Amino acid sequence: MHRVFTPELPSAEVLDRLVYAAGRAQVARPGIRHLIVVTDPRRVRTVRHACPGFVNNAPAVIVICSDLHRAHEVMGPRGVEVVTRLDSGAAAGYITIAAPTLGIGVCKVTSWTEEVVQSIFGLPDHIRPEVLMAIGIPVANHPKPVKGFHPDVHHDLFGQEWNRTW
């Protein structure tokens, strides 16, 4: 997670590669995932002001969205409420993995209101924003991210200790 970026916008080629990476992530069915690549400084500034979790100075954003009508049509209610969120998280993960190889930093934005984001990007009601990814070129000697978050790991049953070391 990067929070401090240069003001320089990543090149169109780099953004295309991040979109390509997101497209390689699993998706349950075609036609569900939508990406919005945002480079207009005014729109990015609007996102920064409207989304409390946008605590960085990234010059670009990738918004990962799901088509709820299509998801319901092909997967039913569980597809809408569970599968689309998993698939969007996977796309965000692929962007996160690809970014450093391209000299890019990312910051997943976690605090925002769905209706506000829908309004900013002109999304129809059936297109749900799932993940906002701030994108930019990290500054040299950027602050190091917090390390050491490890999941609680259980063995066979919840509550049984996994005896492996990290």
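It should be noted that the structure appears before, not after, this text.
Residues numbered from 1 in each chain as written. Predicted model: local features only at pLDDT ≥ 70, side-chain atom pairs only at ≥ 80, totals over all residues. Heavy atoms only, no water.

Enquirer: Describe the environment of V44, with residues and values.
Expert: For V44, the position within the fold is in helix α2 (residues 41–50). Its relative accessible area of 2% is what places V44 among the buried residues. Once the C-alpha coordinates of V44 and A60 are considered, the two residues, 16 residues apart in sequence, prove to be 6.5 Å apart. Setting aside its immediate chain neighbours within four residues, V44 contacts V38, F54, A58, P59, A60 and V61. (Helix = DSSP H or I, 4+ residues; strand = E, 2+ residues; numbered from the N terminus. Buried < 20%, exposed > 50% of the residue type's maximum accessible area, 1.4 Å probe, protein only. Contact = heavy atoms within 4.5 Å.)

Enquirer: Quick one: what's the story with the side chain of E130, residue by residue and with numbers?
Expert: Its place among the elements puts E130 in strand β4 (residues 127–136). Among the residues examined, E130 registers a relative accessible area of 12% and is labelled buried. Looking at E130, its side chain comes within polar contact range of the side chain of R85, at 3.4 Å. (Polar contact = N/O pair within 3.5 Å; in protein donor to acceptor, adjacent residues only side chain to side chain.)

Enquirer: Give me the packing of helix α1 (residues 12–24) against helix α3 (residues 68–98): which residues, what numbers.
Expert: Axis separation between α1 and α3 bottoms out at 7 Å; the angle between their running directions is 135 degrees. In terms of their interaxial angle, α1 and α3 are classed as oblique. Relative to α3, the crossing made by α1 is right-handed. Across from L18, A21, A22 and R24 in α1, the residues of α3 making contact are A91, Y94, I95 and A98. (Axes fitted to C-alpha atoms, helices over the stretch in contact; angles between N-to-C directions. Parallel < 35°, antiparallel > 145°, perpendicular 65-115°, else oblique. Left-handed = near helix turned anticlockwise from the far one by under 90°.)

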